[in-house]
Amino acid sequence: MFKKTLTLILVVICIIPLFAQGSNEVSVTKTSGLRIVSLAPNVTEMIYALGSGDNLVGRTDYCNYPQEAQNVQSIGTLWDPNMETILALDADIAIASSIVDPSFIESLNKAGIKAYQFYEENSYEGTYTLIEKVAQVIGKQAEGEKIIQDMKARAEEIRKITSMVNMRRSAVFIIGYGDWGDYAATGDTFLDGVIEAAGGVNAAKSGIAWSISKELLLEKDPDVILLSGNQGTDPQTEIATFTSLEPYSRLSACKNGKVYVIDGDAAQRQGVRTIDTVEEIARLLYPGLFI
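Quantities reported herein were computed from a predicted structural model and do not represent experimental measurements.

Parameters at a glance
Residues numbered from 1 in each chain as written. Predicted model: local features only at pLDDT ≥ 70, side-chain atom pairs only at ≥ 80, totals over all residues. Heavy atoms only, no water. Pairing = 2+ DSSP bridges. Helix = DSSP H or I, 4+ residues; strand = E, 2+ residues; numbered from the N terminus. Axes fitted to C-alpha atoms, helices over the stretch in contact; angles between N-to-C directions. Contact = heavy atoms within 4.5 Å. Buried < 20%, exposed > 50% of the residue type's maximum accessible area, 1.4 Å probe, protein only. Phe/Tyr/Trp six-rings, centres within 6.5 Å; stacked < 30°, edge-to-face > 60°. Lys NZ or Arg CZ within 6 Å of the ring centre and 35° of its normal. Salt bridge = Lys/Arg side-chain N within 4 Å of Asp/Glu carboxyl O. Core = buried A, V, L, I, M, F, W, Y, C linked by side-chain atoms within 4.5 Å. Parallel < 35°, antiparallel > 145°, perpendicular 65-115°, else oblique. Left-handed = near helix turned anticlockwise from the far one by under 90°. Nonpolar A, V, L, I, M, F, W, Y, C, P; charged D, E, K, R; others polar.

Looking at the sheet that holds strand 1 (residues 36-38)
- Ordered by their spatial adjacency, four strands build an open sheet running 2-1-3-4, and the pairing between neighbours is parallel. The outermost strands of the open sheet, each flanked by one partner alone, are strand 2 (56-58) and strand 4 (114-117). Strand-to-strand twist of the sheet, defined as the mean angle between neighbouring strand axes without regard to direction, takes the value 30°.
- In the sheet, strand 1 pairs with strand 3 (residues 93-96) via three bridges, with the strands oriented parallel. Across the sheet, Ser38 pairs through a bridge with Ile95, a residue of strand 3.
- On the sheet, helix 2 (residues 41-49) packs against strand 1, strand 2 and strand 3 and is oriented at approximately 140° with respect to strand 1.

Here it is, written out as structure tokens:
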């Protein structure tokens, strides 16, 4: 099974956002020479995609994409950022997606750093809203709109291709399994919409807060199983491990060789790479359509 420590990290990252507060009101007065601290990997990715990577002065330990982000000063973990480090960076604004405790956002504001916390993880469409909000607070509205339009255009192309199938295939995206519990993209997450945008049917749709049961998995018996891969993951080893364990070995996807490892970072970080995940899943669901 996945290493226990990795599974715990994934579960914490995915479940905590469900209890985060809603978005801050968007407004910012300074954009030229803006000094930005990112409090989430998906925010870091958006900042670079929007062309403001040079303005990033702080990021979390988990901000590993793009590669150049790792040269930026770390301010700590997702759930325990260091206030003193952030203050020392003389930041103008800080942006979180959802995991950071709202009280920390409040403390940043009191310290004179305009802090934002955006939560859009309940829906696929919220991905566009999230990009739009981040773009607005860093003065990159035009760039944000261009990214959104390009993503929507790619999504439409994928929809046209997958619409040619007579019967949509079911899939489940599993982020953790085994003795520590079973966790997957349930119907109340943005990844539910990602699977649907890829032309699939989410077999874990009836689950809640990323949690599913082995009974549900066996009952739905999805056509395709997607496992979350991250840095250091050996896809063949993970597939072999999953398909050999009970009760997963009884699933049709395990018997038919339809278990795949996808890019877990891109999939679980709602943002600019979400459309890449849509395409990756669509190609796995309907390989014959993508030549």
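Text resumes after the structure shown.
Description of helix 2
- Of all nine residues that make up helix 2, eight are buried, and the element is covered over most of its length.
- The set of residues buried in helix 2 consists of Pro41, Asn42, Val43, Thr44, Glu45, Met46, Ile47 and Tyr48.
- In this structure, the buried side of helix 2 is in contact with strand 1, strand 2, strand 3 and helix 5 (126-137).
- Immediately downstream of helix 2, the backbone of Gly51 shows phi near 85°, a positive value.

Things to note about the packing of aromatic side chains
- Scanning the model with the defined rule gives six aromatic pairs in all.
- Arranged with centres 4.9 Å apart and planes meeting at 85°, the rings of Tyr177 and Phe242 form a pair that is edge-to-face. One end of the pair, Tyr177, is in the loop between strand 5 (170-176) and strand 6 (182-184); the other, Phe242, is in helix 9 (residues 235-244), and 65 residues separate them in sequence.
- The ring centre of Tyr128 lies 5.0 Å from the NZ or CZ of Lys152, which sits over that ring.
- The ring centre of Tyr65 lies 3.7 Å from the NZ or CZ of Arg273, which sits over that ring.

Let's talk about the pattern of salt bridges
- As enumerated under the stated definition, the model contains 17 salt bridges in all.
- With its nearest N and O atoms 2.8 Å apart, the salt bridge here joins Lys205 to Asp192. In this pair, Lys205 is assigned in the loop between strand 7 (201-202) and strand 8 (211-212) and Asp192 in helix 7 (residues 190-197), connecting sequence segments 13 residues apart.
- Classification of Asp192 by relative accessible area gives buried; the value is 6%.

A look at the nonpolar core
- Within the largest apolar cluster, 53 residues are counted, with the highest numbers of intra-cluster contacts made by Ile36, Ile93, Ile95, Ile138, Phe173, Leu191 and Ile281.
- Residue assignment for this core shows that the elements contributing at least two residues are helix 2, strand 3, helix 5, helix 6 (141-162), strand 5, helix 7, strand 9 (224-229) and helix 12 (274-285).
- By residue number, the principal contributor to this core is helix 5, which donates six residues.
- In contact with Ile281, not counting residues within four places along its chain, are Val194, Ile195, Ala198, Leu226 and Ile262.
- Within the second largest apolar cluster, 18 residues are counted, among which are Ile225, Ile239, Tyr248 and Cys254.

Things to note about the environment of Glu156
- When you line up the elements, Glu156 lands in helix 6.
- Classification of Glu156 by relative accessible area gives partly exposed; the value is 30%.
- The sequence separation of Glu156 and Ala197 amounts to 41 residues, and the corresponding C-alpha distance is 8.8 Å.

Here's the deal with the packing of helix 7 against helix 12
- Two numbers describe how helix 7 lies on helix 12: the axes approach to 8 Å, and their chain directions differ by 45°. Judged on the interaxial angle alone, helix 12 and helix 7 are oblique. Between helix 7 and helix 12 lies a crossing of right-handed hand. Of the residues in helix 12, those touching helix 7 at Phe190, Val194, Ile195 and Ala197 are Thr274, Thr277, Val278 and Ile281.
- Taken together, the residues of the contact of helix 7 with helix 12 break down into six nonpolar, two polar and no charged.

Some words on unusual backbone geometry
- A cis amide bond links Tyr65 to the next residue, Pro66, at an omega of -5°.
- Looking at the secondary structure, you find Pro66 in the loop between strand 2 and helix 3 (83-88).
- Cis rather than trans, the peptide bond between Glu246 and Pro247 has omega equal to 0°.
- Of note in the backbone geometry, Asp90 takes a positive phi value of approximately 55° without being a glycine.
- Along the chain, the position of Asp90 falls in the loop between helix 3 and strand 3.
- Under the relative-accessibility criterion, Asp90 is labelled exposed at 55%.
- One non-glycine residue, Asp221, adopts positive backbone phi at about 40°.
- Overall, Asp221 belongs to the partly exposed group, its relative accessible area being 25%.

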